Amino acid sequence: MKRFMSITLSTVLLAGALAACSPGGEKSSTSTKDGKDSKISISWFDGTWETPVPEPGNEAVKKVNEKFNVDFQPQYIPFDLYTDKLTVKMASGDIPDVVGTEAADANFVKWSNQGAFLPLNDYVDKYETFKDIPQSVWDVVSVDGKKYGIPLYFPSKGGKKPVIRQDWLDKLGLEMPTNFEELTEVAIAFATKDPDGNGKNDTVGLGLAKGLVYDPSFGVYWGNSWYHENKDGQLIPGQISDGSKEKVTYLNEMFKAGAIDKDWAIKPYNDVFKEFNAGKVGIWYEQPGNDKGSQPQSLDLATLRKSVPDAKIAGIPPFTAPDNSQGFAGGSGYYRIWMLSAELKNDPKKVEKILEMMNYMAKYVPAEEQTADNEYFDWIMGGSGKGYNIVDGAPQLTEEFSQVAPIALFNQKQGGWDMDDQSMQDYVKQSKAPEAKEFNTLMGEMLSNTDFYISPVGRIHSDAYNEKNAALTEFATNELTKMVVGQRPISEWDKYVDEYLAKGGKDVIADVNKLIKENKIKGEWVKAK
Amino acid sequence: MLNSRKPSEKIVDMTNVILLALIALTMLFPFYYMFVVSFATYEEFVKTDLLLFPKTWVLDAYEYILGSKEFIRSLGVTIYVTVVGTLVSLMLTAMMAYALSRNILGQKFYVFLVLFTFVFGAGMIPTYMIVQATGLMDSLWALIIPGAISSFNLIVMRQFFMGLPMDLTEAAIIDGANDLQIFSKIILPLSKPALAAFGLFYAVGIWNSYFTALLYLSDPAKWTVQVVLRQIVILNQGNLLDAGMQAGMDNPPPAETVGMAAILIATIPILIVYPFLQKHFAKGVMLGSVKE
């Protein structure tokens, strides 16, 4: 047996050694090929939301090859599966020239620290569209001051915002709530005074879903952002702030009065969308965006109006907080980043080529210029009549879009760094259904009058935060859920906060505050114009 | 049979029948539910808490899926991989199991090797590197070869072969048959139940292969039905990709009905195989359990 064991082990080791050698050999052979060929070959690995997934060597790829004189070798995986494959690819040392991710997450920091990516500080200033990227976003994609990623623009005012059944308010003679007290009143009335007039007690005042999804905070003061300070002047997460305590107290009151679905704690948010569209929920959430407000799987005014023809909705503006602030938490202002492999450090020509492509594809075309006559727009969209058609003055994508349009290989544009929030207005023009136009108009109006708070935490990379925050958030969500349904008395709030701190919250707060101080940043307000 | 039993036993029987029927119902109900929802309109699905029988039957979901080139293509890929993969797996497993069931040189050592992989897997990343190094990446063979032999199946099949009387082989040797002839003309025909059972194990495994397909295949044209299916279902679930799916896109039919239809379409083909193999399958469970 012993002999067998040793033979087996040596066989395994040998196999391991062979496997470890081979990929390296393969790679060196491809790079020598690059040297001879005048065309630069670029391997590109990224997630996508396009459907069908763009295939290697499709028409769009050929157009890119022609335009930039490169041999473009992209590979796309649907984003919901992307991280799994990326992790294996990176771990096996198979790093493509360009790697995309959805956000500057813990993996991004880890791989950056391990030297997988190329710092781009010396390059980015040369490119027009990168110049307008705000420092707060550069901070996010940098580690120790080195810019490892190129962020893609995403409006920071996006994200789910509360909406209310205006027709129910009108019918019951109620005003738009402006604080939690009024909200509680409205929610209870929605649930008990039969706003849909069917004689049955079957309506829910405030929609709430498992895990407190979409956080019913109605303002950054009550939300989960790092906004409040503790008595030592340290910034703390929203979950343990006085704002959260107030929010949970009112939610508990609403729950006891039957204004919240009694099963909410186990209800997935998709079900709440379904119930809202069936006309059973008074307050729920949706975000501005193309075709938003008219998508059957999320909030859908068209479906709602099939059962309630005169249904009307309105956005709920943020409440004024005890500290006189009034606004929502803003997003980080970007979505998706692209990194370049560190192996390109001796190949500045290739780096410049890649950045040139990114720069070119990142230009934003405002809605009124999105026509077939606009040469740039027509090219990135795959050509009029092929990748898109202009219908009612707005481009409508064809089924072939993801295979013929070069932009489908790069980014779904949400706007430009230099365009401010132009894209928010463009949603109205670009949405097809009248219900979506209506929804985006009313949300756009509300949000353009709203201030937004940008938390400094997204701009730093704290190991303690990355390591412990998910577990802490889960703990907090569980405890807050218990308090809302009355399983844990709110009088135990201080005990809950102590538990949170003891579970590692203290270390996270200390580390985050240290980094914020070191980087000389703080929470910022983006004021409405 | 029931008549010859005492009344008290009859009651027990009846209770058993009712209980088992109820249990069977709980297993079958999800299939029924998928079936009706896949034919329902979204409005009706939204309004009814538990949809048991739609008033209007529509084919929207099926039109959407069957109209998608990707889905049909991936179904073809999956059928191909399943058929080829099952044949390859069965052949390799049977050959190795047979060889290891005879007294050959180093038999114990090889059995040990097999048992070793049974207990210690190489893990995802080393396997990925091997697939890459052997040039299987982006080839459908990557779904077939790395998992061609399941060590568990191999061991059980070996037990089965060992259970076949040695006299048969000896008689064949006297008649002048060589090893290959003995294997193909005598052993395999005797092992139909085993082959059917393991064929089914392999086929279901390959049919459901999803992560390996995603991992090893970069060309979407080669993705299996499970990958595409998941994509159809997930991409229809608007909220997951609120951040992503902002660009204009045609509204597909609602996620729920499409999801149900897609699951049915992807399950039915492999489900159809079961009845044909059922009789072998029942026998197959006993494989290797009793050694004569």
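Residues numbered from 1 in each chain as written. Chains lettered and ligands numbered in written order. Predicted model: local features only at pLDDT ≥ 70, side-chain atom pairs only at ≥ 80, totals over all residues.

## Some remarks on the overall build of chain A
What chain A contains, in helices and strands, is 19 helices and 16 strands. On C-alpha atoms alone, chain A measures out to a radius of gyration of 26 Å, which is about the 24 Å that the 2.2 N^0.38 rule sets for 529 residues. Seen through its C-alpha atoms, chain A measures out along the principal axes to roughly 75 × 65 × 55 Å. Sorting the 529 residues of chain A into buried and exposed places 45% on the buried side. Long-range pairs, those at least 24 residues apart, make up 74% of the contacts in chain A with a sequence separation of at least 6. (Helix = DSSP H or I, 4+ residues; strand = E, 2+ residues; numbered from the N terminus. Rg over C-alpha atoms; globule rule 2.2 N^0.38 Å. Buried ≥ 20, exposed ≤ 12 C-beta atoms within 10 Å, placed from the backbone. Contact = placed C-beta atoms within 7 Å.)

## Topic: the sheet that holds strand β10 (residues 313-315) of chain A
All names here are of chain A. Strands sit in the order β8-β9-β7-β10 across an open sheet of four strands; the sheet is mixed. Of all strands in the sheet, those with a lone pairing partner are β8 (204-206) and β10, marking the two edges. Across this sheet, the average inter-strand angle for adjacent strands is 35 degrees, counted without regard to direction. Sheet topology note: the strand β7 (residues 161-165)/β10 ladder contains three bridges and is antiparallel. By the bridge assignment, R165 is partnered in β10 with I313. Sheet contacts for helix α9 (residues 180-192): β8 and β9 (281-286); angle to β8, the most-contacted strand, approximately 165 degrees. (Pairing = 2+ DSSP bridges. Axes fitted to C-alpha atoms, helices over the stretch in contact; angles between N-to-C directions.)

## A short note on the sheet that holds strand β16 (residues 524-526) of chain A
Residue and element names in this part refer to chain A. Spatially, β11-β15-β16 is the arrangement adopted by the three strands of the open sheet, whose pairing is mixed. Both outer strands of the open sheet, β11 (327-329) and β16, are each paired with one neighbouring strand and no more. The sheet shows a mean angle of 30 degrees between the axes of neighbouring strands, direction not considered. With three bridges joining them, β11 and strand β15 (residues 451-454) adopt parallel strand pairing. Among the inter-strand pairings, G327 is bridged to a residue of β15, identified as D451.

## Examining the pairing of β15(A)
Of the strand pairs in this sheet, β15(A) and β16(A) are connected by three bridges, and their pairing is antiparallel. Residue A:I454 lies in a different strand from β16(A), and its bridge partner there is A:E524.

## Examining the domain arrangement of chain A
Residue and element names in this part refer to chain A. Per the domain assignment, the segments making up chain A are domain 1 (31-156 + 333-368 + 375-380) and domain 2 (161-329 + 432-526). Using C-alpha coordinates to define each centre, domain 1 is positioned 34 Å away from domain 2. Across the boundary between the two partners, domain 1 contributes seven residues, which contact seven residues of domain 2. Broken down by secondary-structure element, the contributors of at least two residues to the side of domain 1 that touches domain 2 are α4 (106-113) and α7 (135-140). In terms of residues, the side of domain 1 that touches domain 2 owes the most to one element, α7, which gives three residues. (Domains from an automatic or database assignment.)

## A closer look at helix α13 (residues 348-361) of chain A
All names here are of chain A. Taking 1.5 Å of rise per residue, the 14 residues of α13 would be expected to cover 20 Å, and the 20 Å separating its terminal C-alpha atoms lies within 8% of that figure. Within the sequence span of α13, burial applies to I354, M357 and M358. Seen end-on, α13 carries its buried residues on one side only, within an arc spanning 95 degrees. Those residues of α13 that are exposed and angled more than 90 degrees off the buried face are P348 and K349. The elements touched by buried residues of α13 are β1 (40-48), α2 (59-68), β3 (98-101), β6 (149-153) and β12 (334-340). (Expected span 1.5 Å × (residues − 1). Arc of directions from axis to C-beta.)

## Structural notes on helix α16 (residues 422-430) of chain A
The complete set of buried residues in α16(A) reads A:S423, A:M424, A:D426, A:Y427, A:V428 and A:Q430. Looking at the buried side of α16(A), the elements it contacts are β14 (394-397) and α17 (434-448) of chain A.

## Brief notes about the confidence of the model for chain B
Chain-level pLDDT for chain B is 82 on average; 87% of the residues reach the 70-or-more range. Of the two predicted TM-score estimates for the complex, the pTM is 0.78 and the ipTM is 0.74. (pLDDT = per-residue confidence, 0-100.)

## Details of unusual backbone geometry
All names here are of chain A. The backbone of D144 sits at a positive phi, close to 50 degrees, despite the residue not being glycine. The residue D144 is located in the loop between β4 (142-143) and β5 (146-147) in this model. Although it is not a glycine, N324 sits at a positive phi angle of roughly 70 degrees. By secondary structure assignment, the location of N324 is in the loop between β10 and β11. Look at N324 and you get exposed, because 7 C-beta atoms sit within 10 Å.

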